[in-house]
Amino acid sequence: MSPMVPKYARAVTIQEATISRKPLYHDAVLKERPISIPKPGEVVIKIGAVGFNHKDVWIRMGQYPGIAIGAVFGGDGAGTVVASGTPNDTLLNKRVFLTPTRGWEKDPHGPEARFGILGGGVFPPIGTFADYIVVERDQVIPTPEHLDDVHAAAWPVGGVTAWRAVSVNAQVQQGQNVLITGIGGGVALIAMQLCLAKGANVYVTSGSPEKIQKAIELGAKGGASYKDKNWPSQIGVLLKKNHSQMLDVMIDSGGGDIMGQAGKLLKQGGRVVCYGMTASPEITFTMRQVLANQQLLGSTMGSHQDLKDATDFIAKHRIVPIVSHVLDGLESAEQGFDLLKRGEQFGKVVIKLRQEGAQAKL
């Protein structure tokens, strides 16, 4: 093992709650764990930054499958390769981020094998909320030169999800009109950035006027509050204002009655891509949509190849994921969980890890 790598890593782990809570909310505890010697085909990454996802909160609430007590939180992480089990490894000292999934390499339709997302679970048994991680060398991707570790850590989970929704399933093209619901979340914001880079006209919804205004400042044509019952009519007015009549695509994070609410704005043959269920786990799809040849497509995460393609795209277009909060050190993890629970963020919540010698406050 390289002298640069300590024997132990600190990691934020899921532990059974020491205080009984209703509803359930597991503890997130910072613990020391031994660092294994990398085998051939493995590397050790010194983590520079990690990103939160709503999955991390759902795990603490016991609302995610395959939870493993003692597992390390986190699906997003970026850093530097500091050791390898492969002699003369070309990845040594290179900046990389972790592929956040296992079981889906390149099949264009879905996972080839058992599928899992990093962090807090039985499979895969890896989480990013640690200062050092041993991982398969073919499951890291070089960090684009224009991104630091903080912004690279804001990319993988949201990036592959947004890319598959926008590029693979919605097939967004230049000049198309796209509605993105729930702007402010990490996936929705990256989806907007991807659509704008492709030359599409983007409209948004949010429950926050401030988030809508921020989206407009970033390039959206306009937006409406989904708290208003007539929000689809407001989007319709904006379309006409911009000399358009119909939407080509809706990229949705809510589910529920999105078709009943906004389906009349969608052109014949238009696509609705849903990657979340913040409104309802059911989506109403009627014969009216069938007769209009409208398509409803489910979209969850994406393949390793999807993430590589997405990373090439943001490198070419110099896209920087939007970060809402940067927290100081793994000791601040509880603050990150609280931010996600409140839902006030605009972009990703990221922890920047401290360098050796920095003063730590527990």
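Scope of this entry: the structure provided in the associated data block. (Residues numbered from 1 in each chain as written. Predicted model: local features only at pLDDT ≥ 70, side-chain atom pairs only at ≥ 80, totals over all residues. Heavy atoms only, no water.)

1. With respect to helix H3 (residues 156-169)
Structural remark: α-helix, 3.6 residues per turn; residues separated by three or four positions point the same way. Taking 1.5 Å as the rise per residue, H3 with 14 residues should run 20 Å; its terminal C-alpha atoms sit 18 Å apart, in good agreement. When you tally the buried positions in H3, you get 13 out of 14 residues, the bulk of the element. Of the residues one or two after H3, Gln 171 is the one with positive phi, at around 55°. (Helix = DSSP H or I, 4+ residues; strand = E, 2+ residues; numbered from the N terminus. Expected span 1.5 Å × (residues − 1). Buried < 20%, exposed > 50% of the residue type's maximum accessible area, 1.4 Å probe, protein only.)

2. Comments concerning the sheet that holds strand E10 (residues 177-180)
Reading across from one edge, E12-E11-E10-E13-E15-E17 is the order of the 6 strands in this open sheet, with parallel pairing throughout. Only two strands of the sheet have a single partner each, and these edge strands are strand E12 (222-225) and strand E17 (295-298). Averaged over all neighbouring strand pairs, the angle between strand axes comes to 20°, with direction disregarded. Bridge analysis of strand E15 (residues 266-274) against E17 gives 4 bridges, and the strand direction is parallel. For Arg 271, the partnering residue across the bridge sits in E17 and is Gln 295. Packing against the sheet, helix H4 (residues 186-197) makes contact with E10, strand E11 (201-206) and strand E13 (247-252), and its axis sits at approximately 170° to E10. Sheet contacts for helix H6 (residues 231-241): E10, E11, E12 and E13; angle to E12, the most-contacted strand, approximately 165°. (Pairing = 2+ DSSP bridges. Axes fitted to C-alpha atoms, helices over the stretch in contact; angles between N-to-C directions. Contact = heavy atoms within 4.5 Å.)

3. Observations regarding the packing of H3 against H4
For the pair H3 and H4, interaxial distance at closest approach is 8 Å and the crossing angle is 50°. By the angle class used here, H3 and H4 are oblique. The way H3 lies across H4 gives a crossing that is right-handed. Residues Gly 158, Gly 159, Thr 161, Ala 162, Trp 163 and Val 166 of H3 form the contact with H4, whose own contacting residues are Val 187, Ile 190, Ala 191, Leu 194 and Cys 195. For the contact of H3 with H4, the class distribution of residues is 8 nonpolar, 3 polar and no charged. (Parallel < 35°, antiparallel > 145°, perpendicular 65-115°, else oblique. Left-handed = near helix turned anticlockwise from the far one by under 90°. Nonpolar A, V, L, I, M, F, W, Y, C, P; charged D, E, K, R; others polar.)

4. With respect to the packing of aromatic side chains
Each aromatic ring pair is specified by the distance between its two centres and by the angle formed by the two planes. For the structure shown, the criterion picks out 5 aromatic pairs. Their ring planes at 85° and their centres at 5.1 Å tell us that Phe 52 and Phe 337 sit as a pair that is edge-to-face. Of this pair, Phe 52 sits in the loop between strand E3 (42-51) and helix H1 (54-60) while Phe 337 sits in helix H10 (residues 333-342); the two residues are 285 residues apart in sequence, bridging distant segments of the chain. Overall, the relative accessible area of 2% leaves Phe 52 in the buried class. We classify Phe 337 as buried; its relative accessible area is 0%. A ring pair is formed by Trp 104 and Phe 115, whose centres lie 6.0 Å apart and whose planes are at 75°; its orientation type is edge-to-face. Taken together, the residues span a long stretch of sequence, with Trp 104 in the loop between strand E6 (101-102) and strand E7 (116-117) and Phe 115 in the loop between E6 and E7 at a distance of 11 residues. According to the relative accessible area criterion, Trp 104 is buried, its value standing at 4%. The class of Phe 115 is partly exposed, set by a relative accessible area of 29%. Through a chain of ring-to-ring contacts, three or more aromatic side chains come together here, namely Phe 52, Phe 73, Phe 129 and Phe 337. The ring centre of Phe 337 lies 4.6 Å from the NZ or CZ of Arg 60, which sits over that ring. (Phe/Tyr/Trp six-rings, centres within 6.5 Å; stacked < 30°, edge-to-face > 60°. Lys NZ or Arg CZ within 6 Å of the ring centre and 35° of its normal.)

Distances and angles like these do not, on their own, reveal function.
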